[in-house]
Amino acid sequence: MKQMIVGNWKMNGLSAPSRDLVSAIAQGLKAIANPPPVVVCPPFTQLGALSLLLKGTGIALGAQDCHHAPSGAHTGDISAIMLAELGVEYVILGHSERRREHGELDETVREKTVAAMDAGLTPIVCIGESADQRAAGEYQDVVGWQIKGSLPDNFSGIVAYEPVWAIGSGVPASPQDIADMMGFIRAELTRQFGETGKTTRILYGGSVSGREAPTILPIAEVGGALVGGASLKADAFLPIVRAAI
Ligand code: PEP
């Protein structure tokens, strides 16, 4: 399974720079023989326009959240079927910024994951411990509970391990920490989901850059990277894509 590189643009991207960024990524991809799967996740406001622009580029479109209901009285929310209608294929769920800023609990994430799967989207479910939880030695417990609580029994999708303390810090987790957690997550997924858990793609996220990617991507069980800051510039993102194996 070729590694997948996913760009999480977060709340960044007005129209013209978004178009320029995907055009530059598409151009860069053309120069890569046998490129890996690449997904860009811009803000909701850019999804419609970029969906048209991405056709034929080999770059897939993802969103950064969805509501658990298909429609209804939920002011300001966007449903999974609305995303699917736009040509969105992936949706990031349970990112630590949403858990922190919007009070999302594992149960909320699980409901959204079900909605995404029902709409035919591939959920990318984020899990990861905080600095305090790591310092207290609780990181495996926390991540184990997140897996149990955030993923439905019939889960089909991608898991992203993003230690909260590494996100946006400029320093990824060490290869040893990543290897340990990847092994732990694989064991938990296998215990919970059997055969499916053995092949579920696991991404690493947290300050991945072109410099670190060649060290991080070959680590056992790493199925790709979820990239924040470095996904906002083609010349920072493309070296990560090139490092995919
Ligand atoms: C993220 O928030 O998903 C992320 C990985 O961010 P960064 O790469 O900027 O640490």
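In the annotation of an unreviewed UniProt entry, the chain is listed under the name Triosephosphate isomerase and assigned to Gluconacetobacter asukensis. Under the Subcellular location (unreviewed entry) heading, UniProt states for the chain: "Cytoplasm".

When you go through the chain residue by residue, the secondary structure sums to eleven helices and eight strands. For the chain, whose C-alpha radius of gyration is 17 Å, the value lies close to the compact-globule estimate of 18 Å for 245 residues. Across the chain, the fraction of contacts at a sequence separation of at least 24, relative to all contacts at a separation of at least 6, is 73%.

The periodicity of an α-helix, 3.6 residues per turn, causes residues three or four places apart in sequence to face the same way. In this model, helix α5 (residues 106-118) (13 residues) spans 18 Å end to end at C-alpha, consistent with the 18 Å of a helix rising 1.5 Å per residue. Taken as a whole, α5 has its buried residues at Val109, Arg110, Lys112, Thr113, Ala115 and Ala116. Among the structural elements, α3 (80-85), β4 (90-93), β5 (122-127) and α7 (139-150) are those in contact with the buried residues of α5. The first or second residue beyond α5 is Gly120, which carries a positive phi of 85 degrees.

Here we take up the pairing of strand β2 (residues 38-41). Along β2, one buried face is formed by Val38 and Val40 and the opposite face, lined by Val39 and Cys41, is buried too. Bridge analysis of strand β1 (residues 4-8) against β2 gives four bridges, and the strand direction is parallel. Paired with Val6 across the strands is Val39, a residue of β2. Following the chain from β1 across helix α1 (residues 15-30) to the adjacent parallel β2, one finds a crossover that is right-handed. In this sheet, strand β3 (residues 59-63) lies alongside β2 in parallel orientation, the contact comprising three bridges. When the sheet's bridge partners are listed, Val39 is paired in β3 with Ala60. Crossover connection from β2 via helix α2 (residues 44-54) to parallel β3: handedness right-handed.

Below, the discussion takes up the sheet that holds β4. With respect to topology, eight strands assemble into a closed barrel ordered β1-β2-β3-β4-β5-β6-β7-β8, the strand pairing being parallel. For this sheet, the mean inter-axis angle between neighbouring strands, taken without regard to orientation, is 25 degrees.

A word on the UniProt feature "binding site: substrate" (unreviewed entry) in the chain. Under the UniProt annotation, "binding site: substrate" (unreviewed entry) lies at Asn8, Trp9, Lys10, Gly168, Ser207, Gly228 and Gly229. What stands out for the annotated residues spanning 222 residues is how close their C-alpha atoms remain, the widest pair being 13.9 Å apart. Within the secondary structure, Lys10 is located in the loop between β1 and α1. Residue placement: Gly168 occurs in the loop between β6 (158-161) and α8 (175-193). Every residue in contact with Gly168, bar those within four places of it in the chain, is listed here: Ser207, Gly228 and Gly229.

In this structure, Val91, Ile124, Ala225 and Ile240 are the most contacted members of the largest nonpolar core, which totals 67 residues. By residue number, the principal contributor to this core is helix α11 (residues 234-243), which donates five residues.

Moving on: the UniProt feature "active site" (unreviewed entry) in the chain. UniProt records the feature "active site" (unreviewed entry) at His95 and Glu162, using the numbering of this structure. Taking the farthest pair of C-alpha atoms as the criterion, the annotated set spanning 68 residues converges on one region, since that pair is 8.4 Å apart. Tracing the backbone shows His95 in the loop between β4 and α4 (96-101). Its 28 C-beta neighbours within 10 Å are what place His95 among the buried residues. When neighbours within four sequence positions are excluded, His95 is seen to be in contact with Gln64 and Cys126.

The rules behind each value
- Residues numbered from 1 in each chain as written.
- Predicted model: local features only at pLDDT ≥ 70, side-chain atom pairs only at ≥ 80, totals over all residues.
- UniProt positions renumbered as here; feature names shortened; annotations may be inferred.
- Helix = DSSP H or I, 4+ residues; strand = E, 2+ residues; numbered from the N terminus.
- Rg over C-alpha atoms; globule rule 2.2 N^0.38 Å.
- Contact = placed C-beta atoms within 7 Å.
- Expected span 1.5 Å × (residues − 1).
- Buried ≥ 20, exposed ≤ 12 C-beta atoms within 10 Å, placed from the backbone.
- Pairing = 2+ DSSP bridges.
- Right-handed = clockwise from strand over helix to strand, strands pointing away.
- Axes fitted to C-alpha atoms, helices over the stretch in contact; angles between N-to-C directions.
- Core = buried A, V, L, I, M, F, W, Y, C linked by C-beta atoms within 7 Å.

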